[in-house]
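Residue-level structure breakdown
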Amino acid sequence: MLNILSPSILAADFKHLEQDIKAAEAGGARWLHIDVMDGVFVPAISFGMCVQESIRSCTDMYFDTHLMITEPIRYAGEFARLGSNGITVHVEACKDVKKTLRTIRECGCRAGLSIKPETSTDSIRDYLEEVDMILLMSVEPGSGGQKYLPESTDRIREVSRMIKTSGRDIDLEVDGGIRLTNIHEVLEAGANVIVAGSAIFEGDIRANTEDFVKILNKV
Ligand code: DX5
Ligand code: ZN
């Protein structure tokens with residue numbers, strides 16, 4: 001599978017969001033990770049449809065929408081209409097996971113399924129037929145800038161093995177606390193899509209992105 005960087009705009013400066021996105025794009029990022037939080041599934045509220053709609057007009061990047069919201073099936077169609085290319089939902093947030101994933105695909109998006117650090121990796125097993133991507137959280141969802149949970153590495157290995165056994169073409173994305181110091185560990189364990197928020201948007205965005213992309217293209 002191709003290695004991909006998905007910079008999370010949660011760590012961008014919203015005063016000049018377009019400028020920050022374009023800096024990441026200039027640095028070689030092709031995906032953009034969009035963290036939507038509803039204040040119910042996670043304590044924080046981030047942003048929603050209006051922001052995604054606005055930024056859709058300033059870039060052609062792949063929109064990797066991560067819905068940290070309760071019953072995300074309610075909003076799949078709306079985010080698809082507002083330009084998501086992939087929509088990821090949490091197994092813990094859906095009443096009917098299969099129906100939710102099918103709805104996302106019916107809307108023309110790639111379907112992703114995410115699990116929080118304390119959720120068993122076995123909980124995704126029944127859905128491998130319905131997904132294009134698994135998103136493994138390596139921090140508790142809800143905020144950026146947290147430390148990578150070291151037990152995540154073994155979980156990446158488990159899910160990577162599960163995906164290989166399934167024989168299906170499924171991306172494995174990891175989200176939370178990834179920096180240049182631990183990216184190799186995450187990739188070696190089997191991840192191929194790397195989310196990075198603070199490590200990209202704090203400091204020189206273009207240079208940070210270039211550093212990540214160099215590593216991802218080498219492995
Ligand atoms: C956490 C979000 C992450 C987060 C990543 O709830 O899903 O995407 O913004 O940010 P960093 O890389 O700063 O941990
Ligand atoms: Zn995320």
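Right, let's walk through the structure included here. Because the structure is predicted, anything quoted here is derived from the model rather than measured. (Residues numbered from 1 in each chain as written. Chains lettered and ligands numbered in written order. Predicted model: local features only at pLDDT ≥ 70, side-chain atom pairs only at ≥ 80, totals over all residues. Heavy atoms only, no water.)

**Section: the overall build of the protein**
Note the following rule: Helix and strand labels come from DSSP, where a helix needs a run of H or I of at least four residues and a strand needs a run of E of at least two; each type is numbered from the N terminus. As a reference, a globule follows 2.2 Å times the number of residues to the power 0.38, and the radius of gyration itself is taken over C-alpha atoms. Burial classes follow relative accessibility: with a 1.4 Å probe on protein chains only, a residue under 20% of its type's maximum area counts as buried, one over 50% as exposed, and anything between as partly exposed. Note on areas: Shrake-Rupley with a 1.4 Å probe; residue coverage comes only from the protein chains shown. Counted charges follow a simple rule, with Lys and Arg positive, Asp and Glu negative, and His plus the chain ends left uncounted. One atom stands in for each charge, and that atom is NZ of Lys, CZ of Arg, CG of Asp or CD of Glu.
Helix and strand counts for the protein stand at eight helices and eight strands. Over its C-alpha atoms the protein spans a radius of gyration of 16 Å, differing by no more than 12% from the 17 Å that the globule rule assigns to 219 residues. Projected onto its principal axes, the C-alpha positions of the protein cover 40 × 35 × 30 Å. When each of the 219 residues of the protein is scored for burial, the buried share is 56%. Accessible area of the protein: about 9700 Å², with a carbon and sulfur share of 48%. One finds the centroid of the 24 positive side-chain charges in the protein at a distance of 2 Å from the centroid of its 34 negative side-chain charges.

**A closer look at the site of ligand 1**
Let me state the cut-off plainly: Near residues are defined by distance, with any heavy atom within 4 Å of the molecule or strand qualifying the residue. Polar contact criterion, stated in full: a pair of N or O atoms within 3.5 Å, where within protein one must be able to donate a hydrogen and the other to accept it, and residues adjacent in sequence count only if both atoms are side-chain atoms.
With respect to spatial proximity, 20 residues lie near ligand 1, and among them Asp35, Gly142, Asp175, Gly197 and Ser198 are the closest. Note that an oxygen atom of ligand 1 is positioned 2.6 Å from one of the side-chain N or O atoms of Asp35. Between ligand 1 and His66 there is a distance of 3.4 Å, counted from an oxygen atom to a side-chain nitrogen or oxygen. Protein chains shield 99% of the accessible area of ligand 1, which is 380 Å² for the free molecule. Take the shell around ligand 1: its biggest share by element is three residues, from strand β2 (residues 31-37).

**Some thoughts on the sheet that holds strand β8 (residues 193-196)**
The test is simple: Criterion used throughout: strands pair if DSSP finds at least two bridges between them. Only C-alpha atoms enter the line fits that serve as axes; for helices the fit covers just the stretch in contact. Angles between N-to-C directions range over 0 to 180 degrees.
In spatial order, the strands read β1-β8-β7-β6-β5-β4-β3-β2; together these eight strands make up an open sheet with parallel pairing. A strand with exactly one partner marks an edge of an open sheet, and here the two such strands are β1 (4-7) and β2. Each adjacent strand pair in this sheet contributes to an overall mean axis angle of 25°, direction not counted. Pairing geometry for strand β3 (residues 62-68) and strand β4 (residues 86-90), over three bridges, is parallel. Across the sheet, residue His66 finds its bridge partner in β4, namely Thr88.

**Points about the nonpolar core**
What counts, and what does not: The nonpolar core is taken to be a set of buried Ala, Val, Leu, Ile, Met, Phe, Trp, Tyr and Cys residues, with the residues joined through side-chain atoms within 4.5 Å. A contact between two residues is defined here by any heavy atoms of the two lying within 4.5 Å.
Ranked by size, the top nonpolar core spans 62 residues in total, and within it Ile9, Leu113, Ile134 and Ile194 carry the most contacts. Top contributing element to this core by residue count: helix α8 (residues 205-218), with five residues. Dropping the residues within four chain positions of it, Ile9 is found in contact with Phe14, Leu17, Ile21, Leu32, His33, Ile34, Phe47, Ile55 and Phe201.

**A look at the coordination of the zinc ion (ligand 2)**
So the rule is basically this: Here the term donor refers to an N, O or S atom within 2.8 Å of the metal (or 3.2 Å for Na, K and Ca), and because water is left out of the atoms, sites may appear incomplete. The rule is simple: four donors are tetrahedral if all their angles sit between 85 and 135 degrees, four are square planar and six octahedral if opposite donors span more than 155 degrees and the others lie between 65 and 115, and anything that fits none of that is irregular.
The coordination sphere of the zinc ion (ligand 2) contains the protein donors His33 (NE2), Asp35 (OD), His66 (ND1) and Asp175 (OD), at a distance range of 2.1 to 2.3 Å. For the zinc ion (ligand 2), the six donor atoms are set out with angles of 66 to 168° between them, so the coordination reads as octahedral. Between consecutive donor residues of the zinc ion (ligand 2), the sequence gaps follow H-x1-D-x30-H-x108-D. With His66 in strand β3 and Asp175 in strand β7 (residues 171-175), this residue pair connects regions lying 109 residues apart in the sequence. For the pair formed by His66 and Asp175, the shared burial category is buried.

**Here's the deal with the packing of aromatic side chains**
So the rule is basically this: The criterion for an aromatic pair is that two Phe, Tyr or Trp rings (for Trp, the six-membered ring) have centres within 6.5 Å, with stacked assigned to planes under 30 degrees apart, edge-to-face to planes over 60 apart and tilted to the rest. Should the NZ of a Lys or the CZ of an Arg lie within 6 Å of a ring centre and within 35 degrees of the ring normal, that charge is described as sitting over the ring.
This model, assessed by the stated rule, comprises two aromatic pairs. Between the aromatic rings of Phe14 and Phe47, the centroid separation amounts to 5.5 Å while the plane-to-plane angle is 45°, which identifies the pairing as tilted. With a gap of 33 residues between them, Phe14 in the loop between β1 and α1 (17-26) and Phe47 in the loop between β2 and α2 (49-56) connect regions that are remote in the sequence. Between the aromatic rings of Trp31 and Tyr62, the centroid separation amounts to 4.0 Å while the plane-to-plane angle is 15°, which identifies the pairing as stacked. Within this pair, whereas Trp31 is found in strand β2, its partner Tyr62 is found in strand β3, the two being separated by 31 residues in sequence. With a relative accessible area of 7%, Trp31 lands in the buried category. Note that Arg56 overlies the ring of Phe63, its terminal NZ or CZ placed 3.6 Å from the centroid. Taking NZ or CZ as reference, Lys116 lies 4.9 Å from the ring centre of Phe41, over its face.

**Observations concerning the state of the cysteines**
Spelled out, the test is: Sulfur atoms of two cysteines make up a disulfide when they are within 2.5 Å.
This structure, assessed with the given rule, holds zero disulfides. The closest cysteine sulfur to the non-disulfide-bonded Cys58 is located on Cys50, 15 Å from its own sulfur. Residue Cys107 stays outside any disulfide, its sulfur separated by 6.4 Å from that of Cys109, the closest cysteine.

Read these as geometric descriptors, not functional statements.
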